[in-house]
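Examining the three-dimensional arrangement
Given next are the chains, with one letter for each unit.
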Amino acid sequence: ALPAQVAAAIVQQVGKPVRNAVPSPTSENFAEIPAHHRSAFGGTKSNGFLRLRRAGIDYVSTNHQDSRTWRWSDIQTVSNPDAYHLIVFGYRDTYSFDLKQPLSRDLSDRISDLVFAHNPSDSSLYERTKP
């Protein structure tokens, strides 16, 4: 395991999608949402927090093997089917979250905008309209 700062420096140099399982506990965020990560078959996985940062999304869990960090460019798309669910489709893995507090429409739009802004080749596949 690499310290979070070393892993972040290496990730900055990598042009391909990566999977980093060591979120930095001190990184600044613009939103933090308590969440539960479900396993692929609906069973219990872990509880933790989604931290939305300028550089990406962290899932910080007490089960450290379940924690993840995604750069915005490592996320293919996100789905927010309702205010209490968020699915992060990374190029290397997909995480489905039950949110313990509602995700506002403004914050959901901000997440989508950041994903699309950092994935210009993928964003051309979608026509984005706002009400």
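Quick notes on the overall build of the protein chain
- Helix and strand counts for the protein chain come out as three helices and seven strands.
- The burial tally for the protein chain puts 44% of its 131 residues in the buried class.
- Taking the intrachain contacts of the protein chain between residues at least 6 apart in sequence as the baseline, contacts between residues at least 24 apart amount to 42%.
- Working note: accessible area of the protein chain is about 7,800 Å², and carbon and sulfur atoms make up 53% of it.

Some details on the packing of aromatic side chains
- Counted by the stated rule, this structure contains five aromatic pairs.
- Ring geometry for W70 against Y95: centres 5.3 Å apart, planes inclined by 80°, an arrangement best described as edge-to-face. With W70 in strand β4 (residues 68-71) and Y95 in strand β7 (residues 94-99), this residue pair connects regions lying 25 residues apart in the sequence. Like Y95, W70 is buried.
- Put simply, the rings of Y59, W70, Y95 and F97 touch in pairs and so form one group of aromatic residues.
- Over the ring of F30 we find R110, and its NZ or CZ is 3.6 Å from the ring centre.

Let's talk about the environment of T77
- Following the sequence through the fold, T77 ends up in strand β5 (residues 75-82).
- Using a relative accessible area of 18% as the deciding quantity, one classes T77 as buried.
- Taking the C-alpha atoms as reference points, T77 and I87, separated by ten residues in sequence, lie 8.6 Å from one another.
- Apart from residues lying up to four places away in sequence, T77 is in contact with I87, V88, F89 and V115.

Some remarks on the nonpolar core
- Of all hydrophobic cores here, the largest spans 21 residues; its most connected members are L50, I57, W70, I75, F97 and L99.
- Elements represented by at least two residues in this core include exactly β1 (31-38), β2 (44-52), β3 (56-61), β5, β6 (85-90), β7 and α2 (105-117).
- Per-element accounting of this core gives the leading share, four residues, to α2.
- If near-sequence neighbours (up to four positions away) are discounted, I75 is found in contact with I57, W70, V88, F89, G90, Y91, V115 and N119.

Details of the environment of I75
- Note that I75 resides in strand β5.
- I75 gets classed as buried once you look at its relative accessible area, which sits at 0%.
- Residues I75 and L114, spaced 39 residues apart in sequence, show a C-alpha to C-alpha distance of 9.8 Å.

The rules we used
Residues numbered from 1 in each chain as written. Predicted model: local features only at pLDDT ≥ 70, side-chain atom pairs only at ≥ 80, totals over all residues. Heavy atoms only, no water. Helix = DSSP H or I, 4+ residues; strand = E, 2+ residues; numbered from the N terminus. Buried < 20%, exposed > 50% of the residue type's maximum accessible area, 1.4 Å probe, protein only. Contact = heavy atoms within 4.5 Å. Areas by Shrake-Rupley, 256 points an atom, 1.4 Å probe, with all protein chains shown as cover. Phe/Tyr/Trp six-rings, centres within 6.5 Å; stacked < 30°, edge-to-face > 60°. Lys NZ or Arg CZ within 6 Å of the ring centre and 35° of its normal. Core = buried A, V, L, I, M, F, W, Y, C linked by side-chain atoms within 4.5 Å.

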